[in-house]
Amino acid sequence: MEKLELYIPKLEDLWFYQKMMSDPETMSYNDPWGGCIDYPDEVLPKWYANWVGQEPDRFYAYIKRSSDGTWIGDVNFHYTPEKDWHDMGIVIYAPYRGKGYAVPALRLLLDQAFRVCGISRLHNDFETTRDAAWAIHRKAGFMEMGVENGILQLMLTKEDYLKNNP
């Protein structure tokens with residue numbers, strides 16, 4: 001497997017974020033909520049200031065292939081105070097799906113969250129029909145919390161992650 005790393009984008013790098021969010025194939029998982037998301041240039045500075053450099057409350061990075069610097073997706077997490085956990089996200093740009101990048105990219109995010117930022121719990125949720133998403137989360141150590149209205153609830157604690165990834 002090719003080595004991956006996290007890359008904190010600069011404001012001028014957000015063209016890749018815009019490209020992913022406007023790509024129908026990449027955003028197909030979001031179809032029930034409207035599919036593609038438009039991020040015009042004028043909203044990017046505020047979005048950037050809200051997401052980048054806000055650790056440990058918020059974290060955002062591109063997934064970069066080390067061999068050639070290609071950006072293949074992004075990862076993020078943010079604190080959800082009403083639940084007292086951090087919610088996370090991972091998006092692999094459609095041309096790079098199915099190539100074995102998701103689990104290593106997720107593990108990079110988990111190292112960032114638990115080892116670097118010191119957060120205690122990471123949560124994610126998605127439709128029960130998304131078998132590939134559940135498979136990558138299970139491989140990374142997430143546990144099923146239950147299902148609510150067809151949405152699978154997953155959690156991984158810092159303690160469990162560090163115990164299984166010394």
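Residues numbered from 1 in each chain as written. Predicted model: local features only at pLDDT ≥ 70, side-chain atom pairs only at ≥ 80, totals over all residues. Heavy atoms only, no water.

A. How the structure looks around unusual backbone geometry. Of note, the bond from Glu-55 into Pro-56 is cis; its omega dihedral lies within 30 degrees of zero at 5°. With respect to the helices and strands, the residue Pro-56 is situated in the loop between α2 (44-51) and β2 (58-65). At Asn-149, a position not held by glycine, the phi torsion is positive, near 55°. Turning to its location among the elements, Asn-149 is positioned in the loop between β6 (143-148) and β7 (151-157). (Helix = DSSP H or I, 4+ residues; strand = E, 2+ residues; numbered from the N terminus.)

B. Broad picture of the sheet that holds β2. Ordered by their spatial adjacency, seven strands build an open sheet running β1-β2-β3-β4-β5-β7-β6, and the pairing between neighbours is mixed. Looking at the sheet topology across the chains shown, the edges are occupied by β1 (4-7) and β6. The mean angle between the axes of side-by-side strands here comes to 30°, regardless of whether they run parallel or antiparallel. On top of the sheet, helix α3 (residues 102-116) reaches β1, β2, β3 (71-80), β4 (85-92), β5 (121-127) and β7; it is set at about 150° to β4, its chief contact. (Pairing = 2+ DSSP bridges. Axes fitted to C-alpha atoms, helices over the stretch in contact; angles between N-to-C directions. Contact = heavy atoms within 4.5 Å.)

C. Structural context of α2. Where α2 is concerned, the buried positions are Leu-44, Trp-47, Tyr-48 and Trp-51. Buried positions in α2, seen along its axis, are confined to an arc of 100° and lie on one side of it. Packed against the buried residues of α2 are α1 (15-21), β2 and β3. Looking at the residues trailing α2, positive phi occurs at Gly-53, about 80°. (Buried < 20%, exposed > 50% of the residue type's maximum accessible area, 1.4 Å probe, protein only. Arc of directions from axis to C-beta.)

D. Here's a closer look at the packing of aromatic side chains. Across all of its chains, the model carries 19 aromatic pairs by this definition. Both rings, one in Tyr-17 and one in Tyr-60, keep their centres 5.7 Å apart while their planes meet at 85°; by these two values the pair is edge-to-face. Of this pair, Tyr-17 sits in helix α1 while Tyr-60 is found in strand β2, placing the two residues 43 residues apart along the sequence. When sorted by exposure, Tyr-17 lands in the same class as Tyr-60, which is buried. Between the aromatic rings of Tyr-96 and Tyr-101, the centroid separation amounts to 6.4 Å while the plane-to-plane angle is 70°, which identifies the pairing as edge-to-face. (Phe/Tyr/Trp six-rings, centres within 6.5 Å; stacked < 30°, edge-to-face > 60°.)

E. Representation of the side chain of Asp-87. Along the polypeptide, Asp-87 turns up in strand β4. No salt bridge forms around the buried Asp-87; measuring N to O, its nearest opposite-charge neighbour Lys-83 is 8.5 Å away. For Asp-87, the side chain forms a polar contact with the side chain of Thr-80, separated by 2.5 Å. Setting aside anything within four residues of it in sequence, one finds Asp-87 in contact with Asn-76, Phe-77, His-78, Thr-80, Leu-122 and His-123. (Lys, Arg positive; Asp, Glu negative; His and termini not counted. Salt bridge = Lys/Arg side-chain N within 4 Å of Asp/Glu carboxyl O. Polar contact = N/O pair within 3.5 Å; in protein donor to acceptor, adjacent residues only side chain to side chain.)

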